[in-house]
Amino acid sequence: MLLTAMLFAAGMALVLGSYLTLSRASLKVAHRAFLTKDAANLAEAGVEEALYCFNRMAAGTVVAEAWTDWTLSSANAMRTLTPINRDQNAVGIIKVYVKGYDGTEAEPYIVSQAVVTPLDGSAPVVRTVHLALTRNAGVAAHGLVALNGLELRNNSFADSFDSNPSDSPTGPWLAYSSSLARSKGSVVVLAGAVELRNSANIRGNLYLGPGVAAPNPSDVTGEIITDYSATFSLPTYPTPSSVSRSYDLGSSLPSKLPRSGDAAASDGRYYYFCRHTTIRNFTVTPNRHVTLIGTDTEMMSGITLGPMSTLHVYMDGELTLSGGADLNAGGWAGALRIYTTTNRRCSIGNNSRLSAWFQAPNAELRATGNNSSNMLVGYFLAKTIYASGSMDFHYDESLQPSHASTYEVTRWLSLQTAADRALVAGLTNNFLQ
């Protein structure tokens, strides 16, 4: 009986030992499966950290502030997040590498790697994610846009400045001066040719559409991005039915707008429709916001904007400034917005200055002059653009809206195979393995 009992106990011990070994193995497999999913989630969390920085930059945050706590090298950013305690005391470490963090790359990418090390000393669990992006810059992300050709001659140049470095919604807005100049001009040429002659240059980045030949690199201080594509369109023109209140001025404009007794529409702007006239020689009352919509109209000088006032002009004729004419010179470019559907030339003549947001997608914009005070400040878009002499373009960076640039995901890869992992070191300059 004793022998039988001992044999039975030995058999039970063997069975229980096998069961415990199997259970332990199953637990380890289940635990590693859990940690594998956890590592994938941590790798995605690293991607989210980088995307958050891209989104901050797209919302207008300066690059250095958007990428605080990252290690920056050339156009690359690297970060190792604080180790994280995971289930059953495993430790997770996330490392993220970003190529083209500063917006200079048309197609930046993110590589995020999570390493989870179990407490039992078994091999760490590694998951790596590769995310490719495409940067889409909105209209206001650029300062000068030529849809079908750009020619700058005789020392003309394009640069930038920030008229409102404090980002205050009420200003004050600074006038352009050489002391505020920055080499962050952003110029787009979607088609046609780019000609920079006789010491003309672009002080910033140049974006070229497919098939557009690049100029001499020495004439561009920033990046030259090729095969660039974007859509630039005029906003929808207001109509009497699209606004809650408007007034018809016919062919006669008063000397002051808004007129006494007129009331603003629900959005706070005063809307006036006119026809067969020239938009010129009137004053916009301080702290008032006026919109003029003209049919068979053109625009010239003689318009004064009072403090904290704005004027938006929608027309079908050309803009002409000549003989020392100033239009909003020294004022904030965002206060004067001019949109025209004309296909006739818009001209800025000698000794003239303009500070505005200007769009004429069907017309040539020709700016000529030899006076050092000549300048075009703000944002300018036209079918073709020609400038010579001292007619310089100064992009006002404060015009960039919060939605100016967006980043779209074009590729999301989970790098799992040995061949995939072999790519990681090359993608990240050996930051990740």
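Keep in mind that this is a model prediction, so the values were computed, not measured. (Residues numbered from 1 in each chain as written. Predicted model: local features only at pLDDT ≥ 70, side-chain atom pairs only at ≥ 80, totals over all residues. Heavy atoms only, no water.)

(A) Region of interest: the overall build of the chain. When helices and strands are tallied, the chain shows 3 helices and 29 strands. Expressed as a percentage of the 433 residues in the chain, the buried residues total 46%. Contacts in the chain between residues far apart in sequence, at least 24 positions, make up 52% of those at least 6 positions apart. (Helix = DSSP H or I, 4+ residues; strand = E, 2+ residues; numbered from the N terminus. Buried < 20%, exposed > 50% of the residue type's maximum accessible area, 1.4 Å probe, protein only. Contact = heavy atoms within 4.5 Å.)

(B) Region of interest: the pairing of strand β24 (residues 336-340). Extensive coverage of β24 is indicated by the burial of 5 of its 5 residues. Side chains L336, I338 and T340 project from β24 onto one buried face, and the interleaved R337 and Y339 project onto a second face that is buried too. Here 5 bridges tie strand β21 (residues 310-315) to β24, and the two strands are oriented parallel to one another. Residue pairing for β24: Y314 is matched across the bridge by Y339. Direction of pairing for β24 relative to strand β26 (residues 353-367): parallel, over a ladder of 3 bridges. Paired with R337 across the bridge in β26 is W357. (Pairing = 2+ DSSP bridges.)

(C) Geometry of the nonpolar core. If you look at the biggest cluster of nonpolar residues, it comprises 55 residues, and the most contacted ones within it are M299, L311, L319 and F393. Counting residues per element, this core draws most heavily on β26, at 7 residues. Counting residues in each nonpolar core, the second largest holds 27 residues, with A66, L81, A114 and V129 among its members. (Core = buried A, V, L, I, M, F, W, Y, C linked by side-chain atoms within 4.5 Å.)

(D) Looking closely at the environment of D262. With respect to the helices and strands, D262 occurs in the loop between β16 (256-257) and β17 (270-279). In sequence terms D262 and S246 are 16 residues apart; their C-alpha atoms lie 9.0 Å from each other. With sequence-adjacent residues up to four places away left out, D262 is seen in contact with Y247, Y270 and Y272. There is a polar contact of 2.7 Å between the side chain of D262 and the side chain of Y272. (Polar contact = N/O pair within 3.5 Å; in protein donor to acceptor, adjacent residues only side chain to side chain.)

(E) Just the packing of aromatic side chains, in detail. Applying the stated criterion across every chain, the model contains 13 aromatic pairs. Between W67 and Y101, the ring centres sit 5.6 Å apart and the planes meet at 75°, which makes this aromatic pair edge-to-face. With a gap of 34 residues between them, W67 in the loop between α2 (63-66) and β1 (71-73) and Y101 in the loop between β4 (91-99) and β5 (109-117) connect regions that are remote in the sequence. Each of the two residues, W67 as well as Y101, counts as buried. Centroid distance F358 to F380: 6.3 Å. Interplanar angle 40°. Geometry classified as tilted. Residue F358 is found in strand β26, and its partner F380 is found in strand β27 (residues 375-387); the two are separated by 22 residues along the sequence. The pair F358 / F380 is uniform in exposure class, with both members buried. (Phe/Tyr/Trp six-rings, centres within 6.5 Å; stacked < 30°, edge-to-face > 60°.)

(F) The pattern of salt bridges, seen in detail. Considering all chains together, one arrives at 10 salt bridges under this definition. The shortest N-O distance in the salt bridge between R182 and E397 comes to 2.2 Å. Here R182 is found in the loop between β9 (157-161) and β10 (185-189), whereas its partner E397 is found in the loop between β28 (393-396) and β29 (405-415), with 215 residues between them in sequence. Linking R345 and E364 is a salt bridge whose minimum nitrogen-to-oxygen distance equals 3.0 Å. With R345 in the loop between β24 and β25 (346-348) and E364 in strand β26, this residue pair connects regions lying 19 residues apart in the sequence. On the accessibility criterion, E364 (19% relative accessible area) is buried. In the salt-bridge network here, residues are joined through shared partners; they are R345, E364 and R366. (Salt bridge = Lys/Arg side-chain N within 4 Å of Asp/Glu carboxyl O.)

(G) Structural context of the side chain of D162. Turning to its location among the elements, D162 is positioned in the loop between β9 and β10. As a buried residue without a salt bridge, D162 has its nearest oppositely charged side chain in R182, at a separation of 4.4 Å. With residues up to four places along the chain from it excluded, the contact list for D162 reads R182, D396, E397 and S398. (Lys, Arg positive; Asp, Glu negative; His and termini not counted.)

(H) Structural detail: the sheet that holds strand β20 (residues 303-305). Spatial strand order, β16-β18-β20: 3 strands in an open sheet with parallel pairing. With partners counted over all chains shown, the strands left at the sheet margins are β16 and β20, one partner each.

(I) Inspection of the environment of G331 at higher detail. The topology assignment puts G331 in the loop between β23 (326-327) and β24. Between the alpha carbons of G331 and S163 there is a distance of 9.7 Å; along the sequence they are 168 residues apart.

(J) Fine view of the environment of N371. Locating N371 in the fold gives a position in the loop between β26 and β27. Owing to a relative accessible area of 29%, N371 belongs among the partly exposed residues under this scheme. Taking the C-alpha atoms as reference points, N371 and G324, separated by 47 residues in sequence, lie 9.6 Å from one another.

(K) Spotlight on the side chain of N201. Checked against the element boundaries, N201 lands in strand β12 (residues 201-202). A polar side-chain atom of N201 sits 3.2 Å from the main-chain carbonyl oxygen of S199.

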